[in-house]
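The chain contents come next:
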2 protein chains.
Amino acid sequence: MPKAKEEDFLPLRDSVYNKLRQSILTGELPAGERLMEVHLGDKLGVSRTPIREAIRMLELEGLVTMIPRKGAMVAQITEKNMSDVLEVRRALDILCVQLACERITPEGISDLKKARDAFEKAVETNDSRVIAQADVEFHNVIISATGNDRLISLEDSLSLPMYRYRYEYIKDSSGHDNLVKEHRRIVNAIEKRNAEIAAEAAGEHIDNQRRSIIRQIRMEREEETMNALYGKRK
Amino acid sequence: MPKAKEEDFLPLRDSVYNKLRQSILTGELPAGERLMEVHLGDKLGVSRTPIREAIRMLELEGLVTMIPRKGAMVAQITEKNMSDVLEVRRALDILCVQLACERITPEGISDLKKARDAFEKAVETNDSRVIAQADVEFHNVIISATGNDRLISLEDSLSLPMYRYRYEYIKDSSGHDNLVKEHRRIVNAIEKRNAEIAAEAAGEHIDNQRRSIIRQIRMEREEETMNALYGKRK
DNA sequence: TACATTGTGATTGTATACATAATACCACTG
DNA sequence: CAGTGGTATTATGTATACAATCACAATGTA
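Residues numbered from 1 in each chain as written. Chains lettered and ligands numbered in written order. Predicted model: local features only at pLDDT ≥ 70, side-chain atom pairs only at ≥ 80, totals over all residues. Heavy atoms only, no water.

**What about the protein's contact with DNA strand D?**
Link 1 in the chain: Close to DNA strand D lie 21 residues; A:Leu12, A:Ser47, A:Thr49, A:Lys70 and B:Arg48 are nearest.
Link 2 in the chain: If you look at DNA strand D and keep only atoms within 4 Å of the protein, 66% of those are sugar or phosphate atoms.
Link 3 in the chain: Between DNA strand D and A:Lys70, the relevant distance is 3.4 Å, taken from a phosphate oxygen to a side-chain nitrogen or oxygen of the residue.
Link 4 in the chain: At a separation of 2.9 Å, a base nitrogen of DNA strand D approaches a polar side-chain atom of B:Arg48.
Link 5 in the chain: The set of elements that each furnish at least two residues to the surface near DNA strand D consists of α1 (12-26) and α3 (48-61) of chain A together with β1 (34-35) and α3 (48-61) of chain B.
Link 6 in the chain: Residue classes in the surface near DNA strand D are distributed as seven nonpolar, three polar and 11 charged. (Near = heavy atom within 4 Å. Polar contact = N/O pair within 3.5 Å; in protein donor to acceptor, adjacent residues only side chain to side chain. Helix = DSSP H or I, 4+ residues; strand = E, 2+ residues; numbered from the N terminus. Nonpolar A, V, L, I, M, F, W, Y, C, P; charged D, E, K, R; others polar.)

In C-alpha cells, the structure reads:
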C-alpha cells in the first residue's frame, strides 16, 4: 500500500497519523478523550508540529472533533453519525459491485474467487479476527476492481468508523452462514456480470451490517445510561 | 453557515485554507503550480505553520498533491480523475434525491420550489455566473433535505473539482432549456415522493454535466498539445 | 452560604529557529 | 563539448519559543 519504492522516507506526521488512527479505531483512545498536543508529543517522542498536522488530517476524516482554542477530542460515535455513514456506504458499495461487473478482468475474477474461498476457510476457524481480516480483503478485491481511485479512497475512509464494531458484527451473524452465502451471491453475480443481482446482494449485505451495528450502538448507549444512573466505576 | 454565534474566532489555518481553496478553484493558482510555504506565507502575511496545516487539509481533499521533502503542488485535473469523481457523484446525487423523497419536509418542498423559480429567473439573465450560483443553491436545498451530514460534506468536497468547468457547462447547455426542464422534473418527482423518477432525472442531470466537462477537458488537453508542438506563449 | 473576581496554570495559536534533504549551478575533467 | 562532481542555495521537516486565551480554583465580599 505505501509507495515505498521511490521513497521509504515517512514524515513523522504520517507516522503519528497512523498511530493515532490505529489507537482510535481499536478503542485504545476512547471517544471523547482529549488529544493534548504536548502530552501526545511526549508519548510518541515528537514535537507538537507533527502532532498538529496529524490532527488536522484526522479531523477531515471525521475521526476527531476540533473546537478552536479548546482542543481536539476523539469524535463521538453517535447512532445518527453511524447511520449517515452507512447510508452513504450503501450507495457506494452498490456502485462498487456495479462497476466491478463492467470492469473486472479475468485476473480480478480469479482473485475474487480466491478471496471468497479464503473467507470461507477463515469462517471455519471461528476466530472473529481472522474472519474480519478475510472479509476486508474480499471487499478490497471488489473495490480495486472498480479502477476508480476516488471511490477506493472514499470506501477506505468510510469504513474506518465501523471497524470498532466489526468483530461483534461477525459474531452476530448466526453461524456466519449468511455471510458466506452473501459473498457467494456477490461473486456469482459479478462473474456473470449481472449488475442488477450484484447490486441487490451488496445492498442486503450492508443492510445486515447496519442492523448489527445499530443494535450494538444502542446497547452501548443503554449501558452508559445505566452507569450514569447507578454510578459509574472508575 | 459558520458557527459564528459562540465563537467568531477563526484560526489562521482556516482562513488560509479558504483563500487557497478559492484560488485553486478559480484557476488563479493553476494546476501544477508549486505551493511554497515561505512564499505563500509572505503573500498572505502569516508564518509557515498555518500554511502547512492548510496544505494538509487541501491534500486530504485532493486539491493539492504532496511529495515528501519535495513540496506541494496544485493537483492536476486529469480526465480519469474527473471521471472518477463524476462516477461517485452520480451515485451520491441519486442517493440525495432518493433520500429527499423520503424525508423532505413541507418547508423543504417550499424552499425547493423557490430555488427552482429562482433558477429559472436566473436563466433569463443569461449571465453564467448568476445561473451557476442559482444552480448551486438549488442543489443545496436538495442535499440539505437529506438530513445526512456525511452526505452533505461529501457532496461539498466532490463538487469542488468541477467548479472550474461550471460556467462553460452552463454555456454549453443549449439555451439552458435542458437545465430548466431537468430541474422541474426533479422537483416534481420529489414533491410526489417518487424516488424512482427522481433518481432517473438526477442521473440524467449529472450525465449531461459529465459530457460537457469531459469535452472541455479534452479541448484543454488538445490545446496543450498544440502549444507543446508549436511553442507556447509565455 | 452564595456569588463574583481575580490570578495562576495549562493549552492552543502562531512565529521562528535549526537540521536535513533536494535542486541548481558552475567549474572541472575527459 | 558532454558529462561529472561538488558546493551553494532553497525548501521542507521538525523543534522550540512566545503570545493569547481558557479553565478552574482560591479568595474575598455581601
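**Examining the confidence of the model for chain A**
Do not read the fine detail of predicted coordinates wherever pLDDT is low.
Residues and elements named next belong to chain A.
Link 1 in the chain: Of the residues in chain A, 92% have a pLDDT of 70 or more, and the chain-wide mean is 90.
Link 2 in the chain: Across chain A, the element-wise mean pLDDT spans from 82 in helix α8 (residues 163-172) up to 97 in helix α4 (residues 79-103).
Link 3 in the chain: Residue range residues 1-6 is modelled with pLDDT below 50. Its contacts to residues more than four positions away, or to other chains, number zero contacts. (pLDDT = per-residue confidence, 0-100. Contact = heavy atoms within 4.5 Å.)

**Describing the relation of the copies chain B and chain A**
Link 1 in the chain: The two copies are related by a screw operation: chain B maps onto chain A through 180 degrees of rotation and 0.0 Å of translation along the axis, at an RMSD of 0.0 Å. Both copies of the chain, as the preceding transformation shows, are related through a two-fold rotation axis.
Link 2 in the chain: When the interface residues of chain B are mapped onto chain A, 97% of them again fall at the interface, so both copies present the same face. (Least-squares fit on C-alpha atoms with pLDDT ≥ 70 in both.)

**Remarks on the sheet that holds β1(B)**
Residues and elements named next belong to chain B.
Link 1 in the chain: Spatially, the three strands line up as an open sheet ordered β1-β3-β2, and their pairing is antiparallel. Both outer strands of the open sheet, β1 and β2 (64-67), are each paired with one neighbouring strand and no more.
Link 2 in the chain: As judged from the two bridges shared by β1 and strand β3 (residues 71-74), these two strands associate in the antiparallel manner. When the bridges of β3 are listed, Leu-35 appears paired with Ala-72.
Link 3 in the chain: The strands touched by α3 within the sheet are β1, β2 and β3, with β2 carrying the most contacts at an inclination of about 110 degrees. (Pairing = 2+ DSSP bridges. Axes fitted to C-alpha atoms, helices over the stretch in contact; angles between N-to-C directions.)

**Observations concerning the pairing of β3(B)**
All names here are of chain B.
Link 1 in the chain: Here β3 shows a buried face lined by Ala-72 and Val-74 and an unburied face lined by Gly-71 and Met-73.
Link 2 in the chain: Bridging between β2 and β3 involves four bridges; their strand directions are antiparallel. Residue pairing for β3: Ile-67 is matched across the bridge by Gly-71.
Link 3 in the chain: Linking β2 back to β3 in an antiparallel pair, the connection comprises three residues, with Arg-69 at a positive phi of about 65 degrees. (Buried < 20%, exposed > 50% of the residue type's maximum accessible area, 1.4 Å probe, protein only.)

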